[in-house]
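Observations on the three-dimensional arrangement
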Amino acid sequence: SDSHFPIPIRPSDVDYAQHFPSFFPSTAAAATATAPKIRFADIGCGFGGLLVKLSTMFPTTLMIGMELRDKVTEYVKERILALRASNPGQYENISVVRTNSMKYLPNYFEKGQLSKMFFLFPDPHFKEKNHRRRVISRHLLDEYAYALELGGVIYTITDVEELGEWMRSCMEEHPLFEAVPEEEVDEDPVAALLCSATEEGQKVARNGGETYRAVYRRVMQSE
Ligand code: SAM
C-alpha cells in the first residue's frame, strides 16, 4: 500500500542529490536556486528501457521514471547503478522513484517544470467501471498540463486499440492540449523510441502487434 513508500509533501522536499549525485555535487549546491530540475518523466516506466535510451540522447537532461511496483523499481535502480558503474560519466541523468503517479505527481513536479511526459503501454483497465483507473483521463490531464511547460509534449502509445482511442480522445477534448502534426511526430527522434525502447514495446513488436500512438502538445487556453 501507499504507506510503504515515502511521499514528499512538496517538490522541494525531494532529495534529488540522491538520485543524480553528479548533478548535485553537494547538498549545499542542491539548496541553491540554480539546481537543475527534472525535465522528462516516464510514467509507469516498467523496467526502464526508455530512460536508458533517452539518457545518452539527452545527456544533460535530468529524467525520472515513476513506477508503482516495488520490485520493478528496485530493478531499475540497480540497472541504472550498473550502467553508471560500467560507463563512467554516463547514465548520471536518469533515476527512478517508486510512487503512485496517479496520486502523487504534483508532489514531485512544480508548475511548468517538465518538457516531456511519457505514457508507454499503460495498463488498459478494460472494464468500464475501471476506466477511472486509467493513467490518462480528463481529470489527470489537468495535472499533466500543470506539470508541463507551454510547448511541452505528452507521448502515449499502446497496443490496445480501444485504449489508444481513449487516450487520444481525452487529449483531443482537453483545452490545454493540441495534437502534434503527424509529419512532426515522424521526424521526432524521441517518438521513434516509443515502440522500440521499452520492454513492453519490444514484446509487442516481437509478436507483430499493432500500436496506436498519440502525441500532444501543452498549449495555452484559447480565448
Ligand atoms: N512503460 C513500460 C513499458 O512500456 O515497458 C511499462 C508498461 S507496463 C504494461 C505498465 C506499468 O505501469 C507497470 O510497470 C505498472 O506497475 C505501472 N503503473 C501502473 N499504475 C501506476 C501508477 N499509478 N503509478 C506508477 N506506475 C504505475
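Residues numbered from 1 in each chain as written. Predicted model: local features only at pLDDT ≥ 70, side-chain atom pairs only at ≥ 80, totals over all residues.

As recorded in an unreviewed UniProt entry, the protein chain goes by the name tRNA (guanine-N(7)-)-methyltransferase, listed as coming from Spirodela intermedia. What the UniProt record of the protein chain gives under Catalytic activity (unreviewed entry) is the line "guanosine(46) in tRNA + S-adenosyl-L-methionine = N(7)-methylguanosine(46) in tRNA + S-adenosyl-L-homocysteine". The UniProt entry for the protein chain carries this comment under Sequence similarities (unreviewed entry): "Belongs to the class I-like SAM-binding methyltransferase superfamily. TrmB family." (UniProt positions renumbered as here; feature names shortened; annotations may be inferred.)

Quick look at the UniProt feature "binding site: S-adenosyl-L-methionine" (unreviewed entry) in the protein chain
As annotated in UniProt, the feature "binding site: S-adenosyl-L-methionine" (unreviewed entry) corresponds to Gly 44, Glu 67, Leu 68, Asn 100, Ser 101, Leu 120, Thr 198, Glu 199 and Glu 200 in the numbering used here. With respect to the helices and strands, the residue Gly 44 is situated in the loop between strand 1 (38–43) and helix 3 (49–57). Look at Gly 44 and you get buried, because 21 C-beta atoms sit within 10 Å. Excluding residues that lie within four positions of it along the chain, Gly 44 makes contacts with Met 66, Glu 67, Ser 101, Phe 119, Pro 122 and Val 135. Judged by local crowding, Leu 68 falls into the partly exposed class, with 18 C-beta atoms found within 10 Å. (Helix = DSSP H or I, 4+ residues; strand = E, 2+ residues; numbered from the N terminus. Buried ≥ 20, exposed ≤ 12 C-beta atoms within 10 Å, placed from the backbone. Contact = placed C-beta atoms within 7 Å.)

With respect to the sheet that holds strand 2 (residues 62–67)
Reading across from one edge, 3-2-1-4-5-7-6 is the order of the 7 strands in this open sheet, with mixed pairing throughout. Strands with a single pairing partner mark the edges of an open sheet, and in this sheet they are strand 3 (94–98) and strand 6 (177–179). Pairwise comparison of adjacent strand axes, ignoring direction, gives a mean angle of 20 degrees for this sheet. The sheet contact formed by strand 2 and strand 3 spans 5 bridges and is parallel. If you follow Gly 65 over to strand 3, its bridge partner there is Val 96. Lying over the sheet, helix 6 (residues 138–147) contacts strand 4 (114–120), strand 5 (148–158), strand 6 and strand 7 (212–218), oriented at roughly 135 degrees with respect to strand 5. (Pairing = 2+ DSSP bridges. Axes fitted to C-alpha atoms, helices over the stretch in contact; angles between N-to-C directions.)

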